[in-house]
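Summary of the model geometry
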Amino acid sequence: MDVHGTVAEGFEPVRDAFAGNFAALGDRGAAVAVYRDGRKVVDLWGGARDVDATDGAAGPPGTEPWRRGTAQVVRSATKGVAAAVPLLLHQRGELDLDAPVGEYWPEFKAHGKERVLVRHVLNHRAGLPVLDRPLSPEDALDPMRGPRAVAAQAPVWEPGTDHGYHALTYGWMLDELVRRVTGGRGAGEWIADEIARPLDLDLWIGLPAEEEAAGRAGRVGRLPEAEPTGGGPRLRPKRAVTEAYGDPASLTRRAFAAITPFPDQNDPAYRAAALPATNGVATADGLARFYAALIGDVDGVTRRVRLFDRATMERARAEESAGPDRVLVVGTRFGLGYMLHGSASPFLSPGSFGHPGRGGALGFADPEAGVAFGYVTNGFRKTVTADPRAQALVRAVRESLRRTGSDVDRV
């Protein structure tokens, strides 16, 4: 496998780990980018832009090479990008995180949701991870029908009292809140205008027609599970997790089935829609550069850009939810819209915050280390929050920091 791109001196372990993901973990096409103190120190890509050359997920690899600028659907890594919008609206004094959602969106109050606060949407405590009547793919792509379905849904636990991952409903609640606050501009439009354009990011929630026509996004799909090499053990999920995913009545299955059947992620109509929980399209550099701008200045199109002030950054990563997750059935930690470092989703250090995408992608920032990280792939695996390929790269970043003189044991 030819690995393309560059690494700064001391970050060679990331290149080795990236190549190892193809050799040992079956990656077919991927990219990784790392920023340190606002400067790009890793920019690597390799493999094929399409996971397969046919419509079958287990088909042969595509033949078109991954190039600089190849983007992919990043699934739930989208959530971390979308979370910046309500936090920045709060930073600007336009949104109160402690106000009831119904103050901005009166129709949402129905069926006992008067006590759902804006922060409950972001910290997964709203009690609304499921829809009693799942949406069809066509309805899910309509920007109005998802929010209407959530507004008509009764909570499955008392809002604010517990947490569980809102896998799909998160996006509809966040998007409608943003529309109500901004006078009609959805999260995808807001990100394009206020974040992606000033920072020159290859990152979209709602891929523009001209980018689709230019072939920016590769094909994604499921990979066969990689067998461990070197005699290592194969990781298996806990029985409770397996049972939860196997039970059609569980909150786990129902949360991920809020759209049934799930849309074809390679359909241009899916990529063009704005689903702030699941369908972001990004390059690894776009994802890493976004997180770099959350924690410090980054060179933008015309000026240095920093998105979060210190108070907003601390608010984003302050623990809001922790412990057994009623949907994922493992212990999870959330701040406001961001997963926090923990056993279910390891990042660089306890101070890191970000979001994985189910089956592969990962973006996060670590303020103490000054590090921002982005990994995208076209091959999805069964993993939900801690893909072995992304984790190998995170470990390599940690080793690189040691090589370059950082006191990573304090990070």
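The structure under discussion appears in the preceding block.
All values derive from a computational prediction rather than experimental measurement. Numbers given for residues are sequential positions, taken from 1 along each chain in its written order. Whole-chain, interface and lining totals are the exception, using all residues; otherwise, since this is a predicted model, local features are given only for residues with pLDDT of at least 70 and side-chain atom pairs are given and counted only at 80 or more. Only hydrogens and water are set aside; all other atoms, that is, all heavy atoms of the structure, feed into the side-chain values.

What follows deals with the packing of helix 2 (residues 77–91) against helix 8 (residues 187–199). Here the axes come from fitting lines to C-alpha atoms, over the contacting stretch only for helices, and the angles between their N-to-C directions go from 0 to 180 degrees. Each helix is a run of DSSP H or I of at least 4 residues and each strand a run of E of at least 2, with the numbering of both proceeding from the N terminus. Interhelical geometry of helix 2 versus helix 8 gives an angle of 75 degrees and a closest axis separation of 10 Å. Classified by the interaxial angle, the pair formed by helix 2 and helix 8 is roughly perpendicular. From helix 2, Val81, Ala82, Ala84, Val85, Leu88 and Leu89 reach across to helix 8, where they touch Ala187, Trp190, Ile191 and Ile195. Among the residues forming the contact of helix 2 with helix 8, the class breakdown is 10 nonpolar, no polar and no charged. For classification purposes, angles smaller than 35 degrees are called roughly parallel, those larger than 145 roughly antiparallel, those between 65 and 115 roughly perpendicular, and all remaining angles oblique. Residue contacts are defined here by distance: any two heavy atoms, one from each residue, within 4.5 Å place the two residues in contact. Basically, the charged four are Asp, Glu, Lys and Arg, the nonpolar ten are Ala, Val, Leu, Ile, Met, Phe, Trp, Tyr, Cys and Pro, and anything else, Gly included, counts as polar.

In this section: the packing of helix 1 (residues 12–25) against helix 15 (residues 388–403). Interhelical geometry of helix 1 versus helix 15 gives an angle of 160 degrees and a closest axis separation of 8 Å. As far as their axial angle goes, helix 15 and helix 1 are roughly antiparallel. For helix 1 against helix 15, the interelement crossing comes out right-handed. Contact residues: Glu12, Pro13, Val14, Ala17, Phe18, Asn21 and Leu25 in helix 1; Pro388, Arg389, Ala392, Leu393, Ala396, Val397, Glu399, Ser400 and Arg403 in helix 15. A breakdown of the residues in the contact of helix 1 with helix 15 according to their chemical character gives 10 nonpolar, 2 polar and 4 charged. Handedness of a crossing is defined here by the sense of rotation of the near helix relative to the far one, left-handed for an anticlockwise turn of less than a right angle and right-handed for a clockwise turn.

Now for the packing of aromatic side chains. Stacked, tilted and edge-to-face are the three classes applied to pairs of Phe, Tyr and Trp rings, where Trp contributes its six-membered ring and a pair requires centres within 6.5 Å; stacked means planes under 30 degrees apart, edge-to-face means over 60, and tilted covers the rest. If you walk through the whole model with that rule in mind, you get 12 aromatic pairs. Taking the centre distance of 5.3 Å and the plane angle of 85 degrees together, the rings of Phe18 and Phe22 count as edge-to-face. A residue pair is termed a helical-turn pair when its members lie 3 or 4 positions apart in one helix, as Phe18 and Phe22 do in helix 1 at 4 residues. A single burial state applies to Phe18 and to Phe22, both of which are buried. Both rings, one in Tyr165 and one in Phe256, keep their centres 6.4 Å apart while their planes meet at 50 degrees; by these two values the pair is tilted. Here Tyr165, found in the loop between helix 6 (145–151) and helix 7 (169–182), pairs with Phe256, found in helix 11 (residues 251–256); they are 91 residues apart in sequence, far enough to count as distant. Per residue, the accessibility class of Tyr165 equals that of Phe256, and both read buried. Burial classification: accessible surface area is computed with a 1.4 Å probe over protein chains only, and a residue below 20% of its type maximum counts as buried, one above 50% as exposed, and the rest as partly exposed.

Another point: the nonpolar core. In terms of nonpolar packing, the biggest core is built from 117 residues, with Phe290 and Tyr338 touching the most fellow members. When neighbours within four sequence positions are excluded, Phe290 is seen to be in contact with Gly80, Val81, Ala84, Ile195, Leu201, Leu203, Leu307 and Tyr338. Counting residues in hydrophobic clusters, the runner-up holds 6 residues, among them Ala71, Trp204, Leu207 and Val281. The definition of a nonpolar core used throughout is a set of buried Ala, Val, Leu, Ile, Met, Phe, Trp, Tyr and Cys residues joined through side-chain atoms within 4.5 Å.

Each strand in a sheet pairs with its neighbour through backbone hydrogen bonds, running either in the same direction (parallel) or in the opposite one (antiparallel). Should DSSP find at least two bridges between two strands, the strands are regarded as paired. Ordered in space as 4-7-5, the 3 strands form an open sheet in which the pairing is antiparallel. Of all strands in the sheet, those bounded by a partner on one side alone are strand 4 (72–73) and strand 5 (203–204).

On to unusual backbone geometry. Put simply, Thr260 and Pro261 share a cis peptide bond, and its omega is -10 degrees. Here Pro261 shows up in the loop between helix 11 and helix 12 (268–272). Positive phi values are uncommon outside glycine, yet Asp37 reaches one of about 55 degrees. Mapped onto the elements of the fold, Asp37 is located in the loop between strand 2 (29–36) and strand 3 (39–47). Phi angles above zero are rare outside glycine, and Asp200 is one such case at about 55 degrees. Its location among the elements puts Asp200 in the loop between helix 8 and strand 5. What makes Asp200 exposed here is its relative accessible area of 55%.

Attention shifts here to the pattern of salt bridges. Pairing is possible between side chains that carry opposite charge, provided their charged atoms lie close to one another. Basic side-chain nitrogens of Lys or Arg form a salt bridge, by our definition, when they fall within 4 Å of a carboxyl oxygen of Asp or Glu. Inspection of every chain in the model, using the stated rule, returns 32 salt bridges. Measuring nitrogen to oxygen at the nearest pair gives 3.5 Å for the salt bridge that ties Asp142 to Arg145. Residue Arg145 is classed as partly exposed on the basis of its relative accessible area of 39%. The partner of Arg216 in a salt bridge is Glu211, with the nearest N and O atoms 3.1 Å apart.

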